[in-house]
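Below, each chain spelled out in residue letters.
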Amino acid sequence: AAKQRGRNTHVVYDATMAQALEERRLIEVAMRRALFAGEFALAYQPQVDLRSRRIIGFEALARWTHPERGVVSPEIFIPIAEESGLIVELGEWVLRRACADAAPWDPAITVAVNVSSQQFHEERFLATVREALEDSGLPPGRLELEVTESAMLHDSEKMLAVLNSLRAMGVRLSMDDFGTGYCALNYLQKFPFDKIKIDQSFVRNLGSKEESDAIVRAVASLGVSLGIKTIAEGIETQDQADLVLDAACGEGQGYLFSRPVPVGMVPELLAAQREAHPA
Ligand code: C2E
Ligand code: MG
Ligand code: MG
Ligand code: MG
């Protein structure tokens, strides 16, 4: 009977696995087409100076609206794009689009683009960044590349060389989702990032979980001592914003300030802030 049950479990398991694999394959095929069909778009989320509440930059976030499935979350399609290698093409599209979108904005406003570790390991990556900047006319200092901590795990010598070349071009570098990977501190010693993004999992529990308060404080003061800016992700409440600022983290991003918006709304947001606080 045990054997029988074991076999049945196995069959069910296989069927579910096969279904999941088929679903991934379908998404992968649809994504390949979507790139050509123009189904991808970018949404832009403001990043603010917590003290003045002024917008200092925007993070570009990939959005996909499938004609039948509707909106597909990046939490679904980014991992599939990474596994299938499509992230290289998608990432290049995001980079070029974001540079072109941001070029006409106020020259004090930066644009942050997420980059997967696979893109970093592409031979063409540096040339792609250079081209995206040249074609759009965006000054390199206005482009910020966000790299996740876990991306640093692979092939760190090569990674270091690429980061140094980007730095030499004048591009800024942020470490994304800080605190969720394994080797962040080690990496900060090898390469001075311009900014650390404190992961939203810590921000979410501020004021309710002592450990999160301690971690946010520790990361913010690490930033102060190393001369690296810190930004807290996922700020949803005024209490969280106050706690983050009190911890000496100067910048924030989250629904409290704004959800990610379509590119057409960026000039409106910037104009509204010029009216609210004339220079
Ligand atoms: P991320 O880079 O850490 O981006 C922040 C995510 O947090 C975004 O989710 C954003 O919409 C969400 N968020 C912002 N403020 C709040 C808040 O106050 N509360 C909550 N609950 N969430 C907030 P999104 O757009 O779904 O993107 C998820 C992840 O997908 C990103 O995390 C990033 O890792 C990845 N991703 C998105 N676009 C790209 C891309 O163009 N390239 C690559 N490689 N990855 C991307
Ligand atoms: Mg990011
Ligand atoms: Mg993040
Ligand atoms: Mg994240």
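Computed from a predicted model, the values in this text were never measured in an experiment. (Residues numbered from 1 in each chain as written. Chains lettered and ligands numbered in written order. Predicted model: local features only at pLDDT ≥ 70, side-chain atom pairs only at ≥ 80, totals over all residues. Heavy atoms only, no water.)

Quick word on the packing of aromatic side chains
Part 1: Per the counting criterion, the structure on display carries eight aromatic pairs.
Part 2: Ring centres of Phe191 and Phe193 lie 5.2 Å apart, and the angle between their planes is 80°; on these two criteria the pair is classed as edge-to-face.
Part 3: Looking at Phe191, the relative accessible area reads 0%, which means it is buried. (Phe/Tyr/Trp six-rings, centres within 6.5 Å; stacked < 30°, edge-to-face > 60°. Buried < 20%, exposed > 50% of the residue type's maximum accessible area, 1.4 Å probe, protein only.)

Remarks on the site of ligand 1
Part 1: Among the 23 residues in the neighbourhood of ligand 1, the closest are listed as Arg63, Asn114, Gln200, Glu236 and Tyr255.
Part 2: At 2.5 Å, a side-chain N or O of Glu236 approaches a nitrogen atom of ligand 1.
Part 3: Starting from 800 Å² of accessible surface for ligand 1 in isolation, the protein chains cover 85%.
Part 4: For the shell around ligand 1, the secondary structure elements donating two or more residues are β2 (55-66), α2 (74-84), α3 (87-102) and β6 (172-178).
Part 5: Here the shell around ligand 1 gets four residues from one element, more than from any other, and that element is β2. (Near = heavy atom within 4 Å. Polar contact = N/O pair within 3.5 Å; in protein donor to acceptor, adjacent residues only side chain to side chain. Areas by Shrake-Rupley, 256 points an atom, 1.4 Å probe, with all protein chains shown as cover. Helix = DSSP H or I, 4+ residues; strand = E, 2+ residues; numbered from the N terminus.)

Quick look at the coordination of the magnesium ion (ligand 2)
Part 1: Donor atoms from the polypeptide that coordinate the magnesium ion (ligand 2) comprise Glu59 (OE), Asn114 (OD1), Glu146 (OE) and Asp176 (OD), at 2.0 to 2.2 Å from the metal.
Part 2: Spacing between the donor residues of the magnesium ion (ligand 2) along their common chain follows E-x54-N-x31-E-x29-D.
Part 3: Between the magnesium ion (ligand 2) and the magnesium ion (ligand 3) the interatomic distance amounts to 4.0 Å, and Asp176 serves as a bridging ligand to the pair. Of the two residues, Asn114 is situated in strand β4 (residues 110-115) and Asp176 in strand β6; the sequence distance between them amounts to 62 residues.
Part 4: Overall, the relative accessible area of 29% leaves Asn114 in the partly exposed class.
Part 5: The buried category is assigned to Asp176, whose relative accessible area is 5%. (Donors = N, O, S within 2.8 Å, 3.2 Å for Na, K, Ca; no water.)

Observations regarding unusual backbone geometry
Leaving glycine aside, a negative phi is the common case for residues, and trans is the common case for peptide bonds.
Part 1: Despite not being glycine, Asp177 has its phi angle at roughly 55°, a positive value.
Part 2: Structurally, Asp177 can be placed in strand β6.
Part 3: On the basis of relative accessible area, Asp177 is assigned to the partly exposed category, the value being 25%.
Part 4: Even without glycine at this site, Ala248 takes up a positive phi of about 80°.
Part 5: Along the chain, Ala248 falls in the loop between α10 (238-246) and β9 (251-252).
Part 6: For Ala248, a relative accessible area of 42% puts it in the partly exposed group.

With respect to the confidence of the model for the protein
Regions with low pLDDT should not have their predicted coordinates read in detail.
Part 1: On average, residues of the protein carry a pLDDT of 91, and 93% of them reach 70 or more.
Part 2: We note a pTM of 0.93 for the whole complex and an ipTM of 0.98 for its interfaces. (pLDDT = per-residue confidence, 0-100.)

Here's the deal with the nonpolar core
Part 1: Ranked by internal contacts, the top residues of the largest apolar core, which has 77 residues, are Val129, Leu143, Leu145 and Phe193.
Part 2: With eight residues, the top contributor of residues to this core is α3. (Core = buried A, V, L, I, M, F, W, Y, C linked by side-chain atoms within 4.5 Å.)

Observations concerning helix α9 (residues 210-226)
Part 1: In this model, α9 (17 residues) spans 24 Å end to end at C-alpha, consistent with the 24 Å of a helix rising 1.5 Å per residue.
Part 2: Within the sequence span of α9, burial applies to Ser212, Val216, Val219, Ala220 and Gly223. Buried residues of α9, seen end-on, are gathered within an arc of 95° and therefore sit on one face of the element. Along α9, the residues that are exposed and aim more than 90 degrees away from the buried face are Glu210, Val224 and Ser225.
Part 3: At the exit of α9 stands Gly227, carrying a positive phi of roughly 70°. (Expected span 1.5 Å × (residues − 1). Arc of directions from axis to C-beta.)

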